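# Fold and geometry: a report
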Amino acid sequence: MLPPRNSLCLLLLLYVSGRAVWLFGSKNVSEGRVEIYHDGKWGTVCDDNWDMADARVLCRQLNFPGAKSIVTGKDYGQGAPGPIWLDDVNCKGTETHLFTCEFKGWGETDCTHKEDVGAICETGSINVDINDSTQSLDHSIILSDFLGQIFDDGNGCDFLIVVQSPTGNKQEDGTPEISVKTICAHKMILSQIPFFNASVGITNITVNLSLTCQPHFTSFIRYIYTRKIDVTLSSALCLHQMASNFGLKQLMEDIGRLFSKILPEDSTFHNQVSFYKYAVETKDLVLEENCVQYMAWNYQNLTRSPAWSGLSVGLLRALLTRSDLVAPDEYFVLQSVERWISEKGDSVDLETQADLLGRIRFPLIPAEKLYVIESSSLLYSTHKTVYRDNMLKAFQFNVLLFSNLTKQKFGKENKDYQPRIYTAEPWSIVLDLSIRTSSSQTHSRPIDKRQRYNNRYIHGYGYETSSYSQTRSKSFSTPVHNSLIFKDTVKRWQANILINRDECSNHRVRCESFPVAKLTSQSYISQSEILFRNRVLLVCQGQYVCQIKDFKGNMASISANATQVLPYPCPDDQFIYQIVVTPEYV
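As annotated in an unreviewed UniProt entry, the protein chain carries the name Galectin-3-binding protein A-like and comes from Neolamprologus brichardi. Listed in UniProt under the heading Subcellular location (unreviewed entry), the comment for the protein chain reads: "Secreted, Extracellular space, Extracellular matrix".

### Some words on the pattern of salt bridges
Throughout the structure, instances matching the rule amount to 18 salt bridges. The partner of Glu289 in a salt bridge is Arg322, with the nearest N and O atoms 3.0 Å apart. Taken together, the residues span a long stretch of sequence, with Glu289 in helix α9 (residues 285-297) and Arg322 in the loop between α11 (313-320) and β13 (326-327) at a distance of 33 residues. A salt bridge links Arg359 to Asp355; the nearest nitrogen and oxygen atoms lie 3.2 Å apart. When its relative accessible area of 28% is taken as the criterion, Asp355 is described as partly exposed. Put simply, Asp87, Asp88, Lys104 and Asp110 are held in one network by salt bridges that share partners.

### Quick word on the state of the cysteines
For the structure shown, the criterion picks out 7 disulfides. Cys46 shares a disulfide with Cys111; S-S distance 2.0 Å. Handedness of the Cys46-Cys111 disulfide follows from its S-S torsion of about -70 degrees: it is left-handed. Here Cys111 lies in the loop between β5 (84-86) and β6 (117-121) and Cys46 lies in the loop between β3 (41-45) and α2 (52-61), a separation of 65 residues in the sequence. Put simply, Cys504 and Cys511 are joined by a disulfide, and their sulfur atoms are 1.9 Å apart. In this structure, the disulfide formed by Cys504 and Cys511 twists by about -105 degrees around the S-S bond and is classed as left-handed.

### Section: helix α5 (residues 217-226)
Among the 10 residues in α5, 7 count as buried, and that is most of the element. Considered for burial, the residues of α5 that qualify are Phe217, Phe220, Ile221, Tyr223, Ile224, Tyr225 and Thr226.

### Considerations on a nonpolar patch on the surface
Residues Val399, Leu400, Leu401 and Ile485 make up a contiguous nonpolar surface patch of about 310 Å² in total accessible area. Residue position: Val399 is located in helix α16 (residues 384-399). The exposure class assigned to Val399 is exposed, which follows from its relative accessible area of 54%.

What counts and what doesn't
- Residues numbered from 1 in each chain as written.
- Predicted model: local features only at pLDDT ≥ 70, side-chain atom pairs only at ≥ 80, totals over all residues.
- Heavy atoms only, no water.
- UniProt positions renumbered as here; feature names shortened; annotations may be inferred.
- Salt bridge = Lys/Arg side-chain N within 4 Å of Asp/Glu carboxyl O.
- Helix = DSSP H or I, 4+ residues; strand = E, 2+ residues; numbered from the N terminus.
- Buried < 20%, exposed > 50% of the residue type's maximum accessible area, 1.4 Å probe, protein only.
- Disulfide = S-S within 2.5 Å.
- Patch = residues over 30% accessible without salt bridge, like charges linked within 9 Å, V, L, I, M, F, W, Y side chains within 5 Å.
- Areas by Shrake-Rupley, 256 points an atom, 1.4 Å probe, with all protein chains shown as cover.

Structure follows, in structure tokens:
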């Protein structure tokens, strides 16, 4: 058993102490069979009495934040033919090195290699302060600071990286002016990255970068040494692109996740659209999903933004395929797509226009608005067949009982009948915990920036008057279904936001975290073919949706404390809670 040939950090540790631990048998550095280097040989650890306290010491020694789980050696292969160095390991959990814990003695064991133990460590952390523009990524294992010092000093460097960046200017002879920067690195470190070909005998390489990204290249190379890097908004795109080009997938994906922290900062949506385009180009599926999800959750804001008319066909198509798209109703979605097509003009061919219109879920358009489509639509005369075919499906949906409809239409593959998240009346209500008055008093306040998210939040103009009890507990009614035949079949609901354990106890429910949303039906109407998929939307400061939670039964956890990270940050956790009722045929 030999240590990885390209692991300079491990070799340095052996040089310093003559003793080390490592994880073998897995492509993932954070998990594997536990082996310890002692007396010039690598040996395994027996799983007798091995528990999470032992694993935590091991993982911390390897500079991981902690341990996830323990596994037997058979998952990573047996460690034959070397010795079994440790048996009956008994760590308190506070030790800094595995070999300082209690154990039988070096090589004293009654185990075989079938009992070799393995461990899975927690991976590096992403430390984010949404009030600070700098985000710190830490994927380090061991000797990170020491390796960083080696890079900074440059002692013993044997591999020259020449970075070339066109300045956009021309020299006196007419040739393009090139900005050149050199970095001296170590072949043993760079041999981890196939891009550099540092293990095949070459001693230098030329890298072409944009002038904008050149200042960040040194930090990127230092990351290869230390697995630590600070990312700012100005450096994020460059570092992400370098990680993509150089094959550092973990860095690329974690920077992609960091973009979700800054997506809400641009109300014009130009950044969100740019990030999406870049994610598609770099094939970063994590970043692509983060961008599309944010724009789907905040679709109404997007349609009113300067970026709307510049959306690509691909992005608009991606939005229209989603059932988590938040909009007042499906008619709003239709109108927004019609306006987008009209603004694009002849740049979008008729076939593409018809494809986009075909992604509108016509059966979910409110019945009273179906009647005005022919007279008010911007594109009806151009796409009569598309409109008529889809409107026929919509009218059938509204006037026929479920038993008379073709059941195959309601499969998962057919999204025409799958509702999105519709917030128009009567399907949603708003609970605002920021109003702090007693239940016996009323409180008048001027309408503030919450009105900007959705004019449904504040009805009318001037001043709003409400009581604290009304803002945390509301009753409302909806039809059993949005089909016209159920218009007069009403279902009453009671919505509550419970903020402490006493309130949960009073409601006879068990709460794991706070606050929690409770939504109960106050009327029993048996409709076996109808299922309710209800949700609570967390609207940050009344401006953008930062989280959507499903109700499980009649409860939805909406905790936003430090233990539960929001998809998109919200300063000071200032939320408006919007409860949305969504019935559908099953």
